[in-house]
Amino acid sequence: MTKHSAKRRVLRKQRRLRKHAPRGTPPGTMHADPNAPATSIRIIAFDSERLAEKEIADPEELRDWIGKWGTIWIDVTGLGSIDKIRSLGEVLGLHPLAMEDVVNVHQRAKVDVYRDYLFITSRMIDDCDAMQSEQLSFFLFHGVLLSFQERPGDCWEPVRQRLRTHRGKLRMTASDYLFYALLDSVIDSYFPVMEMLSDHVDLVEEKIERGEAQTPIHEIHRLRGHLLMIRKSIRPHREMINELIRNDSGLISPETRIFFRDCYDHVIQLIEMVDTYRDLTADLRDFYMSAVNHRMNEVMKFLTIMSTIFIPLSFVASVYGMNFEYMPELSWQLGYPFALSIMTTMSIGMLFVFWRRGWIGHRDQAFHDAESR
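Once a new chain begins, its residue numbering starts again from 1 and follows that chain's sequence as written. pLDDT decides what is reported in this predicted model: residues at 70 or higher carry local features, side-chain atom pairs at 80 or more are listed and counted, and totals for whole chains, interfaces and linings draw on all residues regardless. By convention in this description, side-chain values take in all heavy atoms of the structure and omit both hydrogens and water.

**With respect to the overall build of the protein**
Okay, step 1: In this text, helices come from DSSP runs of H or I with a minimum length of four residues, and strands from runs of E with a minimum of two, each type numbered from the N-terminal end. Counting secondary structure elements, the protein contains ten helices and seven strands.
Okay, step 2: Only protein chains enter the calculation, and the probe is 1.4 Å; a residue is then buried if its accessible area is under 20% of its type maximum, exposed if over 50%, and partly exposed in between. Scored against the burial criterion, the 373 residues of the protein give a buried share of 43%.
Okay, step 3: Once local pairs closer than 6 in sequence are excluded, the contacts in the protein between residues at least 24 apart make up 67%.
Okay, step 4: Only the protein chains shown count as cover for residues, and all accessible areas are computed by the Shrake-Rupley method using a 1.4 Å probe. Of the accessible surface of the protein, which amounts to about 20300 Å², a share of 55% is contributed by carbon and sulfur atoms. Contact criterion: two residues are considered in contact whenever any of their non-hydrogen atoms come within 4.5 Å of each other.

Laid out in structure tokens, this is it:
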């Protein structure tokens, strides 16, 4: 078992252990992953003139903030404290099924419409390991955006800095535009990962052209696994964003829907890139197998030619090695040079015939064209 295969098995086992609730569990039941980080709640409240940022320990403190600011972003990190998450849902009046989906982090990107809010899930790729992705959950209200992420570390720090420094129009917009800014950052975080995989694909192609034996096929397999994981993460976003564009609940303004179209275009671009690289890795795998078969054919051709040359030489040597008493050439003074001359002439003649037929001295033109791509 390779190191990469062992790592993938460990990750799959961890996902099985943490994602699925026991059979027969009542709907809306939340189960915490024992390995999940502790839950922390940070509030960023702002309007066009002011901004306040605070980390709170008790969700009940939210009652002192709601309704007193233009927009409130409740940024929750870590899903290890079920009591705190449940209390947060009670303060904001969130549906138990939606809260269950927040904790059970196997959800695909989707949009669920409730009476007073939208529940949206997304997936953020790990920029260091494309085999891992993290579920993000959002509750979009009028004037309030609640976000959940599995663990610390995200791609939203530029958005926070824009809020703190009053750059752009984030401070002058509502919660729907803030949600767009966060989702746009999540979608854009896929592009550096795709560029990294693109460079890796080029590197594997160079290794195949150099004739490296074992490494490329394992790297191609690993690349296809990464691309499959990215495809599973990004593809549902197309339907999710399309649903946000068509949504008529009033929680997303017509002006913000135009910006979601840009997110939709980025998702389509990412899906096309993933499909292109998957096809390219399939071509690389075929190219690698063709290169291996070609090298094997070259070896077999060389061995066959050598065997073909030495068969008649062995025949001559065996005839004159019998040493029968009445063989006429045994007492001939020039017999030995004559036998060597026959062997040399036969070898040169066969090499000339092989060369004229293109069996030696000529590389396969199709393979040569493939290598010079």
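Resuming the write-up.
**Some remarks on the nonpolar core**
Okay, step 1: As used here, the term nonpolar core means buried Ala, Val, Leu, Ile, Met, Phe, Trp, Tyr and Cys residues forming a set that is joined through side-chain atoms within 4.5 Å. If you look at the biggest cluster of nonpolar residues, it comprises 58 residues, and the most contacted ones within it are I120, L178, F179, M194, I230, L244 and F260.
Okay, step 2: Only β1 (40–46), β5 (118–125), β6 (133–140), α4 (157–165), α5 (175–188), α6 (190–210), α7 (215–246) and α8 (254–319) provide two or more residues apiece to this core.
Okay, step 3: Here the element with the most residues in this core is α8; it accounts for twelve residues.
Okay, step 4: Discounting residues that sit within four places of it in the chain, L244 has contacts with V111, L118, I120, F179, L183, I252, R257 and F260.
Okay, step 5: Membership of the second largest hydrophobic core comes to 31 residues, among which are I41, L79, I82 and F139.

**Topic: the side chain of S189**
Okay, step 1: Within the element layout of this structure, S189 appears in the loop between α5 and α6.
Okay, step 2: Residue classification places S189 among the buried residues on the basis of a relative accessible area of 15%.
Okay, step 3: From its side chain, S189 meets the backbone oxygen of V186 in a polar contact 2.5 Å long.
Okay, step 4: For S189, the contacting residues outside a window of four places in its chain are M124, I125 and C155. Throughout this description, a polar contact denotes any pair of N or O atoms lying within 3.5 Å of each other; where both atoms belong to protein, one of them has to be capable of donating a hydrogen while the other can accept it, and for residues adjacent in sequence the pair is counted only when both atoms sit in side chains.

**Observations regarding the side chain of N247**
Okay, step 1: Looking at where N247 falls in the secondary structure, it is placed in the loop between α7 and α8.
Okay, step 2: Look past the residues within four positions of N247 in its chain and what remains in contact with it is V113, L118 and R257.

**Side note on the pattern of salt bridges**
Okay, step 1: Definition used for salt bridges: Asp or Glu carboxyl oxygen within 4 Å of a side-chain nitrogen of Lys or Arg. Applying the stated criterion to the full structure yields 17 salt bridges.
Okay, step 2: The partner of R50 in a salt bridge is D47, with the nearest N and O atoms 2.8 Å apart.
Okay, step 3: Classification of R50 as partly exposed rests on a relative accessible area of 40%.
Okay, step 4: Across the pair R86 and D83 runs a salt bridge, and its minimum N-O distance is 3.3 Å. Remark: D83 and R86 occur in helix α2 (residues 82–92); sequence separation between them is three residues, near one turn of the helix.
Okay, step 5: A relative accessible area of 33% means that R86 is categorised as partly exposed.
Okay, step 6: For D83, a relative accessible area of 59% corresponds to the exposed category.

**Some thoughts on unusual backbone geometry**
Okay, step 1: At H166, a position not held by glycine, the phi torsion is positive, near 60 degrees.
Okay, step 2: With respect to the helices, strands and loops of the structure, H166 is situated in the loop between α4 and α5.

**Observations regarding the environment of F138**
Okay, step 1: Take F138: it is sitting in strand β6.
Okay, step 2: Among the residues examined, F138 registers a relative accessible area of 0% and is labelled buried.
Okay, step 3: Sequence separation between F138 and Q149 is eleven residues, and the spatial gap between their C-alpha atoms is 9.1 Å.
Okay, step 4: Not counting residues up to four positions away in its chain, the partners in contact with F138 are L118, F119, I120, S122, L145, L146, S147, W156, F179 and L182.

**Topic: a nonpolar patch on the surface**
Okay, step 1: Patch building starts from residues that exceed 30% relative accessible area and form no salt bridge, then joins like charges within 9 Å and nonpolar side chains (Val, Leu, Ile, Met, Phe, Trp, Tyr) within 5 Å. Residues M296, V299, M300, F302, L303, M306 and F310 make up a contiguous nonpolar surface patch of roughly 670 Å² in combined accessible area.
Okay, step 2: Looking at the element boundaries, M300 is found in helix α8.
Okay, step 3: For M300, a relative accessible area of 43% translates into the label partly exposed.

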